[in-house]
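Chain and residue survey
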Amino acid sequence: MSWRGVWLRAQITGLLFSSMIWLVVGGLSLPAAALVVGAGVVWLLVRDTRAGLWWRYGARLATRFERVGVQAAIVPVGSLRGRHQPRIWIGARTGPGGVVVPNGMDLVVSPSLVRRIVSGELGDEQASALVAHALGQRPVWRSLLVAAVDVYCLPWNLVEIVVAAFTATAGRSGVMSASWKMRWLVFGVAIVDNVHAARWNALVPLVIVAVLSGTTAVLRRRWLAALRDLGDRQVIIEGLGPVLAAMIRSRSRSVSDLARADTLDQRHTGRDAELQPAVRKRACR
């Protein structure tokens, strides 16, 4: 399955929830709905401009010193050489990887990663492996469909932000975890009650919510895994699989991370084996 299929499944909850919100907004005020649509269209048009990158990533253009340091470090990434050399931006919101490639022209790097590069804490191949991983995810972030759905799902995104902030503070006590596990009991009682009372109009949405409560997190994890695999494939293509594998092993000892590192090594070896006949053929000419 392509990444688009996995991504679309992960958006089901957000699409359903946001659709209900927009139906309410449209029913209350058509001018307000038109304003929201207009704002969404404008955002799609300016998202890759200087203002758009600032809004998305808190990005600013790199200084000459920062630009030269980053460009020198990513020389091992063949896809970003010559005419494909990107503009360098420094962004405060780049995610855990510290690098984002939002389109075909720009590279957004976090301040901490720039510091590690220019100070020599991070070698050229290591920096290139991180950038290559972000490069593999570029088809997602430059997709107009992904951007449009992200704008449409703004109500759900706001809910996720609030839930994440609440979970970070209240989740440590264990109350959140216990209450979440008890939801099946609550749903079960509610479903039985609605069936007994023949309230079918209430039963259908209740069942949908119950199903989504169990599938949303699973589909989200699958999408994150697919997104990670996109980056890993590009790292292998650039010949930096063993470098990223070594970086993963140095910071984690979890079984899943070690399995990923092993896959990076094996796929890289397989790639070399596929390339060897072509290399020998060229050498004999």
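These numbers come from a predicted model, not from an experiment. (Residues numbered from 1 in each chain as written. Predicted model: local features only at pLDDT ≥ 70, side-chain atom pairs only at ≥ 80, totals over all residues. Heavy atoms only, no water.)

Here we look at the overall build of the protein chain
Threshold: Comment: elements are numbered from the N terminus, with helices defined as DSSP H or I runs of at least four residues and strands as E runs of at least two. Only protein chains enter the accessibility calculation, which uses a 1.4 Å probe; a residue whose area is less than 20% of its type maximum is buried, one above 50% is exposed, and one in between is partly exposed. By definition in these notes, contact holds between two residues if any of their heavy atoms fall within 4.5 Å. Here the accessible surface of atoms and residues is derived via Shrake-Rupley with a 1.4 Å probe, and residues count as covered only by protein chains that are part of the display.
What the protein chain contains, in helices and strands, is 15 helices and four strands. Across the 285 residues in the protein chain, those meeting the buried criterion constitute 34%. When contacts within the protein chain are restricted to residue pairs at least 6 apart in sequence, long-range pairs at least 24 apart make up 65% of them. About 17200 Å² of surface is accessible on the protein chain, with carbon and sulfur atoms providing 65% of the total.

Focus on the pairing of strand β4 (residues 106-109)
Inclusion rule: Strands pair, by our definition, only if DSSP identifies at least two bridges between them.
Going residue by residue along β4, you find Asp106 and Val108 tucked away on one face and Leu107 and Val109 tucked away on the opposite face as well. Summarising the sheet, strand β2 (residues 87-91) and β4 pair through four bridges and their orientation is parallel. Across the sheet, residue Arg87 finds its bridge partner in β4, namely Asp106. Across two bridges, the pairing between strand β3 (residues 99-100) and β4 is antiparallel. Within β4, the residue paired with Val99 across the bridge is Val109. In this antiparallel pair of consecutive strands, β3 and β4, the connection spans five residues.

What to know about the sheet that holds β2
Going by this rule: Axis definition: a line fitted to C-alpha atoms, over the contacting stretch in the case of helices. Angles run 0 to 180 degrees between N-to-C directions.
Within the open sheet, the four strands sit side by side as β1-β2-β4-β3. Their pairing is mixed. Among the strands making up the open sheet, the edge pair consists of β1 (59-61) and β3. Sheet strands touched by helix α5 (residues 64-73): β1, β2 and β4. Its angle to β2, the strand with the most contacts, is close to 110°.

Focus on the confidence of the model for the protein chain
Where the model shows low pLDDT, its predicted coordinates should not be examined in detail. Formally: One confidence number per residue, pLDDT, is output by the predictor and ranges from 0 to 100.
On average, residues of the protein chain score 87 in pLDDT, and 89% of them reach the 70 mark or higher. Contacts from residues 273-285, a stretch scored under 50 in pLDDT, to residues over four places away or in other chains number zero contacts.

Things to note about a nonpolar patch on the surface
Put simply, the test is: Residues enter patches when they are more than 30% accessible in relative terms and free of salt bridges; like-charged ones are connected within 9 Å and nonpolar ones (Val, Leu, Ile, Met, Phe, Trp, Tyr) within 5 Å. Salt bridges are counted wherever a side-chain nitrogen of Lys or Arg sits within 4 Å of a carboxyl oxygen of Asp or Glu.
A cluster of nonpolar side chains, namely Val37, Val41, Val42, Leu45 and Val46, defines an oily patch on the protein surface of about 440 Å² accessible area. Within the secondary structure layout, Leu45 lies in helix α3 (residues 30-46).

Here we look at the pattern of salt bridges
Counted by the stated rule, this structure contains nine salt bridges. For Asp229, the salt bridge identified is with Arg228, shortest N-O distance 3.5 Å. Overall, the relative accessible area of 33% leaves Arg228 in the partly exposed class. Residue Asp265 pairs with Arg249 through a salt bridge whose shortest N-O separation is 2.8 Å. A residue pair is termed long-range when its members are at least 10 positions apart, and Asp265 in helix α15 (residues 255-284) and Arg249 in helix α14 (residues 241-251) qualify at 16 residues. The exposure class of Asp265 is partly exposed, given its relative accessible area of 21%. The class for Arg249 is partly exposed, based on a relative accessible area of 27%. Within the structure, one salt-bridge network assembled from shared partners comprises Arg115, Arg116 and Glu121.

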